[in-house]
Amino acid sequence: MKKFGLLVAGGIAAVILLSTIGPMIGLLVSLVLLYFIFKQFIKSESIGAKIGLGIIGFIVLMASIHNAPAIIGVGAAYVLYLVYKKWNGNKHSKMKKDSDDPFVNFEKQWNDLKNY
């Protein structure tokens, strides 16, 4: 039943991730543009260049805010990563080494034999 829940969660996360690929690419491009505009804004000396770059930067900032659903896509990618990690997680629990119980030692040896 646990695997079924992971499968459902992974399927929903995959659908959300695929539906937000466009906004994620748009957000990435607009943030890269915003970074380069900011770097040029800091380097520029004239007032006219700073005003022009400020206006262009504001327009690109509004474009990146428009791609806010990409944050949901990033969250879905993280959920998909967590589902993948849980799916391929360690299936056997660790046994205590200093146990005098013969059944615990038998279980440990049996798990060791099954892994080979």
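Here, every reference points to the structure presented above.
Here the structure is a predicted model, which is why all the values come from computation and not from measurement. (Residues numbered from 1 in each chain as written. Predicted model: local features only at pLDDT ≥ 70, side-chain atom pairs only at ≥ 80, totals over all residues. Heavy atoms only, no water.)

## Overview of the overall build of the chain
Across its full length, the chain holds five helices and zero strands. Listing each helix as α and each strand as β along the chain from the N terminus yields α-α-α-α-α. Counting only contacts in the chain whose residues sit at least 6 apart along the sequence, the fraction spanning at least 24 positions is 63%. (Helix = DSSP H or I, 4+ residues; strand = E, 2+ residues; numbered from the N terminus. Contact = heavy atoms within 4.5 Å.)

## Focus on helix α1 (residues 2-19)
Helix length check: α1, at 18 residues, gives a terminal C-alpha distance of 26 Å against a target of 26 Å (1.5 Å per residue), a fit within 8%. Each element contacted by the buried residues of α1 is listed here: α2 (21-43) and α4 (70-87). (Expected span 1.5 Å × (residues − 1).)

## A few points about a nonpolar patch on the surface
Residues Ile47, Ile51, Ile55, Phe58, Ile59, Leu61, Met62 and Ile65 make up a contiguous nonpolar surface patch of roughly 790 Å² in combined accessible area. Among the secondary structure elements, isoleucine 55 is positioned in helix α3 (residues 47-66). (Patch = residues over 30% accessible without salt bridge, like charges linked within 9 Å, V, L, I, M, F, W, Y side chains within 5 Å. Areas by Shrake-Rupley, 256 points an atom, 1.4 Å probe, with all protein chains shown as cover. Salt bridge = Lys/Arg side-chain N within 4 Å of Asp/Glu carboxyl O.)

## As for α4
Along an α-helix, residues three or four apart share an orientation, since each turn contains 3.6 residues. With 18 residues, α4 extends 25 Å from end C-alpha to end C-alpha; this agrees with the ideal 26 Å at 1.5 Å per step. Among all positions in α4, only Ala70, Gly73, Ala76 and Val83 are buried. For α4, the angular spread of the buried residues around the axis is 120 degrees, confining them to a single face. Among the exposed residues of α4, those pointing more than 90 degrees away from its buried face are Ile71, Tyr78 and Lys86. Residues of α4 that are buried in the fold lie against α1 and α2. (Buried < 20%, exposed > 50% of the residue type's maximum accessible area, 1.4 Å probe, protein only. Arc of directions from axis to C-beta.)

## Topic: the packing of aromatic side chains
Tallied over the entire structure, the rule returns one aromatic pair. The side chain of lysine 3 reaches across the aromatic face of tryptophan 87, ending 4.4 Å from its centre. The cationic tip of lysine 50 hangs over the ring face of phenylalanine 41; the distance from NZ or CZ to the ring centre is 4.7 Å. (Phe/Tyr/Trp six-rings, centres within 6.5 Å; stacked < 30°, edge-to-face > 60°. Lys NZ or Arg CZ within 6 Å of the ring centre and 35° of its normal.)

## Description of the packing of α1 against α4
Interaxial distance between α1 and α4 falls to 8 Å at its minimum, and their mutual angle equals 150 degrees. Relative to α4, the element α1 lies roughly antiparallel. Between α1 and α4 lies a crossing of left-handed hand. Every residue of α4 that contacts α1 at Lys3, Leu6, Leu7, Ala9, Gly10, Ala13, Ala14, Ile16 and Leu17 is listed here: Ile72, Gly73, Ala76, Ala77, Val79, Leu80, Val83, Lys86 and Trp87. Looking at the contact of α1 with α4 residue by residue, the classes come out as 14 nonpolar, two polar and two charged. (Axes fitted to C-alpha atoms, helices over the stretch in contact; angles between N-to-C directions. Parallel < 35°, antiparallel > 145°, perpendicular 65-115°, else oblique. Left-handed = near helix turned anticlockwise from the far one by under 90°. Nonpolar A, V, L, I, M, F, W, Y, C, P; charged D, E, K, R; others polar.)

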